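Architecture and fold: a report
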Amino acid sequence: MSIRPILIAPDPRLTRHSAPITPDDGTLPALIRDLTETLRHTDNGIGLSAPQIGINKRIFAVQIDSAMCPIDPYIVINPVILSVSTEVDEDNEGCLSLPTYYENVTRPRHIQLRYQDSQFTTQTCAASGLIARCYQHEIDHLNGVLFIDYLSPLKKRMALRKCAKIKKKQDRLP
């Protein structure tokens, strides 16, 4: 198995902008395997980006029971949001890199996305609701943004302190 440890905020690697992937990237098959296996073994994750496992590349996996994700998990490479709706939704978000912390975040309700799939074929899709929120959340990771960056400075500090305590406990485990 290739289950990778998930980085916990405030790890500085989570704030870096990720590099595009090219079709000749020989590490891509292993990276796809690592992302999908790691995501499948989380308790409640619906998305996982490469930066969350310490790889600074523009790829993520999504596992949502939806017609938008016919493969479980679904791989998205080099995503670009082409457009967003003016309609927004506020909903509760969490993150595998911010364990046990959840907060309401406002995001566009609908998006248009262009990306490459696991065969490196360019795709476009329209996404709404939970899948649109998940895509936006994971693309934020690729841009070095965490969902807590949308919160007030006080709430962001509280989240980072909580995560730092969790990370400290994990670091002490054998």
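What this report covers is the structure whose coordinates are included nearby. (Residues numbered from 1 in each chain as written. Predicted model: local features only at pLDDT ≥ 70, side-chain atom pairs only at ≥ 80, totals over all residues. Heavy atoms only, no water.)

1. A word on the nonpolar core
Ranked by size, the top nonpolar core spans 16 residues in total, and within it Phe-60, Val-62 and Tyr-135 carry the most contacts. If you tally residues by element for this core, the top one is helix H2 (residues 129-142), at six residues. (Core = buried A, V, L, I, M, F, W, Y, C linked by side-chain atoms within 4.5 Å. Buried < 20%, exposed > 50% of the residue type's maximum accessible area, 1.4 Å probe, protein only. Helix = DSSP H or I, 4+ residues; strand = E, 2+ residues; numbered from the N terminus.)

2. Things to note about the pairing of strand S4 (residues 88-95)
Pairing between S4 and strand S5 (residues 98-108): seven bridges, direction antiparallel. What sits directly across from Asn-92, in S5, is Asn-104. (Pairing = 2+ DSSP bridges.)

3. Digging into the side chain of His-137
Its location among the elements puts His-137 in helix H2. The exposure class assigned to His-137 is buried, which follows from its relative accessible area of 8%.

4. A closer look at the sheet that holds strand S6 (residues 110-116)
As summarised here, the arrangement of the five strands in space is S1-S2-S3-S6-S7, forming an open sheet in which the pairing is antiparallel. The sheet is open, and its two edges are formed by strand S1 (47-49) and strand S7 (122-128), each paired on a single side. Neighbour to neighbour, the strand axes of the sheet diverge by 40° on average, direction disregarded. Here strand S3 (residues 74-84) pairs with S6 via five bridges, running antiparallel. Bridging across to S6, Val-84 finds its partner in Ile-111. (Axes fitted to C-alpha atoms, helices over the stretch in contact; angles between N-to-C directions.)

5. Section: the environment of Gln-116
Mapped onto the secondary structure, Gln-116 falls in strand S6. Overall, Gln-116 belongs to the buried group, its relative accessible area being 14%. For Gln-116 and Val-80, which are 36 residues apart along the polypeptide, the C-alpha to C-alpha distance reads 9.8 Å. Each residue touching Gln-116, except ones within four places of it in the same chain, is listed here: Ile-75, Val-76, Ile-77, Asn-78, Thr-121 and Thr-122. Of note is the side chain of Gln-116, whose polar atom sits 3.1 Å from the side chain of Asn-78. Separated by 3.3 Å, the side chains of Gln-116 and Thr-122 make a polar contact. (Contact = heavy atoms within 4.5 Å. Polar contact = N/O pair within 3.5 Å; in protein donor to acceptor, adjacent residues only side chain to side chain.)

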